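So you can see what is in the structure, the chains are spelled out below.
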Amino acid sequence: MIVWFGDIVSHTTTVDQAEAIAALTANGVTVVAMNSGGDNGGIDGSNQADSIVAATGGVIVNSFASVPIANIVDSIVGAIGDATSTLDLSLAVQGGVPAGLNISFVCTSAEGCDDVAGGESRTFDMTITGLTPGDYDFTVIAPGVAGASERDLITVTADGGGTVPEPGTLGLLAASLLGAGFARRRKH
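Let us look at the structure shown here.

## Side note on the environment of valine 67
Then, in step 1: Among the structural elements, valine 67 can be located in the loop between strand 3 (59-61) and helix 3 (72-83).
Then, in step 2: Along the chain, valine 67 and serine 36 lie 31 residues apart, while their C-alpha atoms are 9.3 Å from each other.
Then, in step 3: If we skip the residues at most four places from it in the chain, valine 67 touches Ile72 and Ser75.

Spelled out as structure tokens, the structure:
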């Protein structure tokens, strides 16, 4: 999560807006923009902030400079809550899938894995296909959910082969998702 405060659009002489958005989304960053100007002004000039928060699933608060001092903290916390009220859940291998394995994840919850509210859990099937014999150590994460990770140690042998399901990992990860929760605040 990045909370971005500003009064004018960012300079794009060394990194352009598309590159910044690509880096933010690749790292699972949600941007909350606290714009001192009004709509299409301040950091939202040329719709810069609108584009960035839309791409990252964040929110923008326009005219932040006019918020009374006594309400600043509540305004920031409210914007963060709005940006984190739901989450599209997914699983990924931290740092990428090790060479020699093919790993895929499929959401199996009837409710789907998009727009999941804080404290709710979902189930996934994880399929591991051994391509090359060896020992593999990797960590499965749920991007955007703090503390939701599971370390896996897999051995692929030449006499086995085929797909290796890993249901134990999914149960532990689901439990950590349920326990992790995340801050939420509903939009009104």
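## Re the sheet that holds strand 2 (residues 31-35)
Then, in step 1: With respect to topology, three strands assemble into an open sheet ordered 1-2-3, the strand pairing being parallel. Where the open sheet ends on each side, the last strands, each with one partner, are strand 1 (2-6) and strand 3. Between one strand axis and the next, the sheet turns through 15° on average, direction left out of account.
Then, in step 2: Across the sheet, helix 2 (residues 48-56) lies against strand 1, strand 2 and strand 3, angled at about 155° from strand 2, the strand it touches most.

## What to know about the pattern of salt bridges
Where charged atoms from two side chains of opposite charge come close, those side chains can pair.
Then, in step 1: Under the definition given, this model contains two salt bridges.
Then, in step 2: In this structure, glutamate 120 and arginine 122 form a salt bridge, with 3.1 Å as the shortest nitrogen-oxygen distance.
Then, in step 3: On the basis of relative accessibility, which here comes to 36%, the residue glutamate 120 falls in the partly exposed class.
Then, in step 4: In this structure arginine 122 comes out as buried when scored by relative accessible area, which is 8%.
Then, in step 5: Where arginine 151 meets aspartate 137, a salt bridge forms, and the shortest distance between an N and an O atom there is 2.5 Å.

## Overview of the state of the cysteines
Then, in step 1: If you walk through the whole model with that rule in mind, you get one disulfide.
Then, in step 2: Note on cysteine connectivity: cysteine 107 is disulfide-linked to cysteine 113, with sulfurs 1.9 Å apart. Here cysteine 107 and cysteine 113 share a disulfide; its torsion about the S-S bond, 80°, makes the bridge right-handed.
Then, in step 3: A residue is classified by how much of its surface remains accessible, and cysteine 107, at 29% relative accessible area, is partly exposed.

Reading guide: rules and limits
- Residues numbered from 1 in each chain as written.
- Predicted model: local features only at pLDDT ≥ 70, side-chain atom pairs only at ≥ 80, totals over all residues.
- Heavy atoms only, no water.
- Helix = DSSP H or I, 4+ residues; strand = E, 2+ residues; numbered from the N terminus.
- Contact = heavy atoms within 4.5 Å.
- Pairing = 2+ DSSP bridges.
- Axes fitted to C-alpha atoms, helices over the stretch in contact; angles between N-to-C directions.
- Salt bridge = Lys/Arg side-chain N within 4 Å of Asp/Glu carboxyl O.
- Buried < 20%, exposed > 50% of the residue type's maximum accessible area, 1.4 Å probe, protein only.
- Disulfide = S-S within 2.5 Å.

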